[in-house]
Amino acid sequence: MRDLKMLAGSLSLLLLLACEPEATAPDVDDTPYSYDVPAGFPIPVEPAENPLTVAKVALGKRLFYDPILSADETISCNSCHRQEFAFADNVAISPGVAGRLGMRNAPSLANLAYVTVFHKDGGVPKLEIQAGSPIEDVNEMDLSIFVAADRINALPEYREQFLRAFGREADAFTITRALAAFQRTMISGNSAYDQYSHQGMSTALSAAQLRGRDLFFSDELACSTCHSGFNFTNDDFFNNGLELDHSDDLGRRRISLDSLDIGKFRVPSLRNISLTAPYMHAGSLPTLEAVVDHYNRGGVGHPLQDERIRPLGLTDAERADLIAFLESLTDEAFVEDERFMP
Ligand code: HEC
Ligand code: HEC
């Protein structure tokens, strides 16, 4: 079943890749979308096939909050990616159409403009096609993207909005590109840690958070070798020693077919981490305390776990400091930003 589903997935991927845009119609509104890049962040690279415009971003936002993209019109992207949780969810597995459950925890959608490969196993090569996956997934929205396009084009004002943004009506190309455009604007870089590091606010971090920061970046803990850079991820795949039985989810192995990749998952960003519990690919760890205990223990001793996952011998005070540091990565302005609200 799973292989058949993967085959169907790659076929629809080919279809989406094949539909290149037609020549732009004259009445297209191509006013560029502009936004500030946080201090310490590089300028995101916009894909040539999908430059950000005000019209596309507005359309992407409308689609993001619209249950029209699901079979029974009950589930929107926002059902599983909620702004108050930095566009993640607060349950281990978020229910899709008819309460059906998939196998993974919904991730935050902050800073996707910087991500180079998508999904926890790296199965999706670019954001511009990602939305085809949740729309068509039987456990998520369970709708053919072609049916979604027909539904939208039957509503004259919605169809008009597509024509203004793209010069063509709703189809697999324009639906996925509009959603990607909106998500590219979701940039989060104004946490207490950023204020301390890049905005000269020397009191933004508490003494405990500063001690936790030193632990996080220390050679002994090595957290920052995987959770590295301005977005706290090296965008690579590792086995961080979560569980011995991977029969439900082989991780990167599903895509690479290399058995050494069993249990490897893409390193997630730690930005807004205090808002996105539960943690890990299937939401198996309920709290940051449980995450720090997991690393302090050195994982479960999986034969393929990375050598940096080993007992750390942290004291209770050090564990609390490390958690305090992780909490300093929360960007309150991001979850209250009206530009991302319906
Ligand atoms: C039923 C819950 C659910 C719905 C509905 C849903 N998602 Fe997701 N989303 C997930 C889960 C779970 C993942 C993780 C998938 C994986 O890694 O295999 C995910 C992953 C993603 C990612 C990849 C993020 C990354 O860092 O790799 C993007 C982008 C995304 N979703 C956008 C959307 C959009 C756009 C919609 C609406 C068209 C949507 N999602 C609808 C649950 C959902
Ligand atoms: C060898 C690379 C590596 C090292 C070292 C590492 N991590 Fe991770 N971390 C990962 C991977 C991979 C995941 C995602 C696993 C999954 O999806 O199941 C992860 C997940 C997490 C999560 C949960 C993120 C989420 O959104 O669910 C937190 C929090 C975290 N790590 C903190 C830390 C801390 C603190 C340290 C240091 C004590 C650390 N990590 C060291 C690779 C690493």
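Structure: see above.
Presented here is a report on the structure given in the accompanying data block.

Here is what the cut-offs are and how they apply
Residues numbered from 1 in each chain as written. Chains lettered and ligands numbered in written order. Predicted model: local features only at pLDDT ≥ 70, side-chain atom pairs only at ≥ 80, totals over all residues. Heavy atoms only, no water. Helix = DSSP H or I, 4+ residues; strand = E, 2+ residues; numbered from the N terminus. Rg over C-alpha atoms; globule rule 2.2 N^0.38 Å. Buried < 20%, exposed > 50% of the residue type's maximum accessible area, 1.4 Å probe, protein only. Contact = heavy atoms within 4.5 Å. Lys, Arg positive; Asp, Glu negative; His and termini not counted. Charge placed at Lys NZ, Arg CZ, Asp CG, Glu CD. Core = buried A, V, L, I, M, F, W, Y, C linked by side-chain atoms within 4.5 Å. Domains from an automatic or database assignment. Near = heavy atom within 4 Å. Polar contact = N/O pair within 3.5 Å; in protein donor to acceptor, adjacent residues only side chain to side chain. Nonpolar A, V, L, I, M, F, W, Y, C, P; charged D, E, K, R; others polar. Donors = N, O, S within 2.8 Å, 3.2 Å for Na, K, Ca; no water. Tetrahedral: all angles 85-135°; square planar, octahedral: opposite > 155°, others 65-115°.

**Re the overall build of the protein**
Phase 1 of the analysis: A tally of helices and strands in the protein yields 15 helices and 2 strands.
Phase 2 of the analysis: Relative to its length of 342 residues, the protein is compact, with a C-alpha radius of gyration of 21 Å against a globular reference of 20 Å.
Phase 3 of the analysis: Across its three principal axes, the protein shows a C-alpha extent of roughly 65 × 50 × 30 Å.
Phase 4 of the analysis: Split into buried and exposed, the 342 residues of the protein put 49% on the buried side.
Phase 5 of the analysis: In the protein, of all internal contacts separated by at least 6 residues, the share reaching a separation of at least 24 is 67%.
Phase 6 of the analysis: In the protein, the 29 positive side-chain charges and the 50 negative ones have mean positions that sit 2 Å from each other.

**Observations concerning the nonpolar core**
Phase 1 of the analysis: Counting residues in each nonpolar core, the largest one holds 48 residues, and the members touching the most others are Leu63, Leu69 and Ile175.
Phase 2 of the analysis: Among the secondary structure elements, those contributing two or more residues to this core are helix H2 (54-64), helix H4 (127-130), helix H6 (145-153), helix H7 (156-166), helix H8 (172-184) and helix H15 (332-335).
Phase 3 of the analysis: Tallying contributions element by element places H8 first for this core, with 7 residues.
Phase 4 of the analysis: Two domains each put at least three residues into this core: domain 1 (2-187) and domain 2 (192-335).
Phase 5 of the analysis: When residues no more than four places from it in sequence are discounted, the contact partners of Ile175 are Leu63, Leu69, Ile135, Ile145, Ala148, Ala149, Ile152, Phe162 and Ala170.
Phase 6 of the analysis: Tyr193, Phe216, Leu322 and Leu326 belong to the second largest nonpolar core, which has 21 residues in total.

**Things to note about the site of ligand 1**
Phase 1 of the analysis: Around ligand 1 lies a shell of 26 residues, among which Cys77, Cys80, His81, Arg104 and His119 are the nearest.
Phase 2 of the analysis: One of the backbone nitrogen or oxygen atoms of His119 is found 2.7 Å away from an oxygen atom of ligand 1.
Phase 3 of the analysis: At a separation of 2.9 Å, an oxygen atom of ligand 1 approaches a polar side-chain atom of Arg266.
Phase 4 of the analysis: Within the residue set of the shell around ligand 1, elements represented by two or more residues are helix H3 (77-80), H4, helix H5 (132-136) and H8.
Phase 5 of the analysis: Residues of the shell around ligand 1, tallied by class, amount to 14 nonpolar, 8 polar and 4 charged.

**Some points on the coordination of the iron atom of ligand 2**
Phase 1 of the analysis: Surrounding the iron atom of ligand 2 are the protein donor atoms His227 (NE2) and Tyr295 (OH), at 2.0 to 2.1 Å.
Phase 2 of the analysis: Metal-centred angles of 84 to 180 degrees between the 6 donor atoms at the iron atom of ligand 2 mark the site as octahedral. On the criterion of sequence distance, the pair formed by His227 in the loop between helix H11 (223-226) and strand S1 (237-238) and Tyr295 in helix H13 (residues 288-297) is long-range, its members being 68 residues apart.
Phase 3 of the analysis: For His227, a relative accessible area of 11% gives the class buried.
Phase 4 of the analysis: Using a relative accessible area of 23% as the deciding quantity, one classes Tyr295 as partly exposed.

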